[in-house]
Amino acid sequence: MFSPSLLIDSLEFLRGARGSTEMIRAGAEKMSAEAVIETNGKSEMIVKREIAASGRGRVSIDGSIFSVRELETAMEPILEIHGQSDSHLRVAGQSYRELIDQYGEHDALLEQTRTAFRAWRAAAGDLEDLTRAQKDRSLRLDLLKYQIDEISAAKLQPGEEEELRAERSILAHAQEMIEATATAFAAIEENEDSALAQLARAAHVLQPLAHEIEKIGSLSAELQEILYRLQDTARSLASLSESVRHDPSRLEAIEERLSTIERLKKKYGGSADVALEHLSNSKKEYDTLSDFESSVDRLQKIEQKARAAYQSDAEKLSTARNKAARAFEPAVQSELRDLAMERTTVRVTIEQAKDSETGSDDIEILVAPNKGEEAKPMQRIASGGELSRIQLAIAAALFKASQRSGEATLVFDEIDAGIGGRVAEVVGRKLQELSAVNQVICVTHLPQIASFASTHFFVWKEDSGGHTRARIRRLDEAEERVKEIARMLGGEKVPASAVVHARELLSGAKREAMASRRRAN
């Protein structure tokens, strides 16, 4: 299924836009969009994203799974979508501040300002927390001292609990262990018919033949090895039997110690290690609150230093933005002249705003459609057609100045809204100019714009299988393009004059394309 709006939606979806199960056709299990992108003119990147009726989504790039955020990052330098709706406070999906920063290539300054802002806010947060804690400082100090004393008095040691539990297990079964080890030792070594005695006799009987018969020699050696191992076992049993003592007082002490450890574990986090960590943190907080005045002074100096560093970076960024704005204005004016809007004036204003990660500037783009008129915010004064051309002019100026020029695919949706005739022709010429460097995809209903395309696709709808489906076909033959341009000019019943006009449009566009390529080279 395909339609121009579906193309834009699919590209937006592949660029990281929010997906919804409502986008899935009735009866289908999932929807998916896939694109093969040529990067650097040498290699291909396959991007695929899908969403199931259950709501689960999946993103893959060259077969590897990625998150939607990672998809946005990967596609940001590759695909730019421009639509008339973007003109309200945003152009090409960016705020006016982002446009100026991209035009001025302020990435390093922005990151520096962002880092400084976060450091400042973290320092300010520490100071606020300490100031807030002063309100109930006495109560907090009492609580911290109680907890420090309680945990410190216990003298917890890492690994102590495991050792105590092992010792408790031995003491709790001391009598049984003494009896069992003694009995086992007697059966192995003490009695006349002990296992060791029996094995020794067996080894003795085989000894005369051990050197004469290989098989008996092997068995004799095995018996000797068993004899040695059993002697080691007997010695271990004897040692264990002698070391075990029935000590009720020690067992009681261990039970009390384990009870203390268990109580502190439940109270301070579930383990002895967490309780010790709580002790360390409590000591630090206690020291800070005990010396409140010096702590406040120290944090105030840190906050002031961090704020000054941020303000310095924000001022540098603001200066760079003003410089970029002064260059941006004539660049857009030049593009507007090409788009038959030579009377339109564009001005960028930069005013002081609330401090933020992106600095302290409020940036606005003002437009005066005619000379002598007061410049006002773009979305309040321009018509739909004017907005389309202003947006195109901004996009053209932006990409010509950007290091990304030539890398991104530019998609223009409904940029022909509210225009026609000569204006449509100049818009088509500007799109063609951009296509000399960037790949440009344009959804249009105007023959003047369509005639400038190097590749033309025809879209139509049909009923099939109980659904309305849209189809797309590339018009490869020259006459096919002539017929379609003529149809766009004259409607379904195409007059001969429309065919002649279509040929003229295509011929003129071809000449412009050759000239544009020469300028690009």
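Up top you'll find the structure we're talking about.
What this report covers is the structure whose coordinates are included nearby.

## A short note on the overall build of the protein chain
A count of helical and extended segments in the protein chain gives 18 helices and 14 strands. Taken over the C-alpha trace, the protein chain has a radius of gyration of 41 Å; the compact-globule value for 521 residues is 24 Å, which it surpasses by more than 25%. Here the protein chain holds 521 residues, and 40% of them are scored as buried. Across the protein chain, contacts joining residues at least 24 apart in sequence account for 64% of those joining residues at least 6 apart. Surface exposure of the protein chain reaches about 30,100 Å², of which carbon and sulfur atoms provide 50%. Of note, the protein chain has its 72 positive side-chain charges centred 9 Å away from the centre of its 87 negative side-chain charges.

## Looking at the sheet that holds strand β2 (residues 43–52)
Within the open sheet, the 4 strands sit side by side as β1-β2-β3-β4. Their pairing is antiparallel. The open sheet has two edge strands with one neighbour each: β1 (30–39) and β4 (64–66). On average, each strand axis in the sheet is inclined to that of its neighbour by 25°, with strand direction left out of account. Where β2 meets strand β3 (residues 57–61), 5 bridges bridge the pair, whose relative direction is antiparallel. Counted as the bridge partner of Lys48 is Ser60 from β3. Relative to the sheet, helix α2 (residues 68–75) contacts β1, β2, β3 and β4, its axis offset from that of β2 by approximately 145°.

## Some words on the packing of helix α5 (residues 137–154) against helix α10 (residues 248–268)
Contact geometry for α5 and α10: axes closest at 11 Å, N-to-C directions at 145°. Crossing of α5 against α10: the hand is left-handed. From α5, Tyr146, Gln147, Glu150, Ile151 and Ala154 reach across to α10, where they touch Arg257, Thr260, Arg263, Leu264, Lys267 and Tyr268.

## Regarding the sheet that holds strand β8 (residues 345–356)
Within a beta sheet, neighbouring strands are joined by backbone hydrogen bonds and run either parallel or antiparallel to one another. The 3 strands lie next to each other as β8-β9-β10, forming an open sheet whose pairing is antiparallel. Edge positions in the open sheet fall to β8 and β10 (376–377), since each of these has one partner strand only. Sheet topology note: the β8/strand β9 (residues 359–368) ladder contains 9 bridges and is antiparallel. Looking at the pairing, Gln352 lines up with Asp361 of β9. Its contacts with the sheet put helix α3 (residues 96–104) on β8 and β9, and the angle it makes with β9 is roughly 95°. Sheet strands in contact with helix α12 (residues 292–338) are β8 and β9, and its direction is about 165° off that of β8.

Quick notes on the rules
Residues numbered from 1 in each chain as written. Predicted model: local features only at pLDDT ≥ 70, side-chain atom pairs only at ≥ 80, totals over all residues. Heavy atoms only, no water. Helix = DSSP H or I, 4+ residues; strand = E, 2+ residues; numbered from the N terminus. Rg over C-alpha atoms; globule rule 2.2 N^0.38 Å. Buried < 20%, exposed > 50% of the residue type's maximum accessible area, 1.4 Å probe, protein only. Contact = heavy atoms within 4.5 Å. Areas by Shrake-Rupley, 256 points an atom, 1.4 Å probe, with all protein chains shown as cover. Lys, Arg positive; Asp, Glu negative; His and termini not counted. Charge placed at Lys NZ, Arg CZ, Asp CG, Glu CD. Pairing = 2+ DSSP bridges. Axes fitted to C-alpha atoms, helices over the stretch in contact; angles between N-to-C directions. Left-handed = near helix turned anticlockwise from the far one by under 90°.

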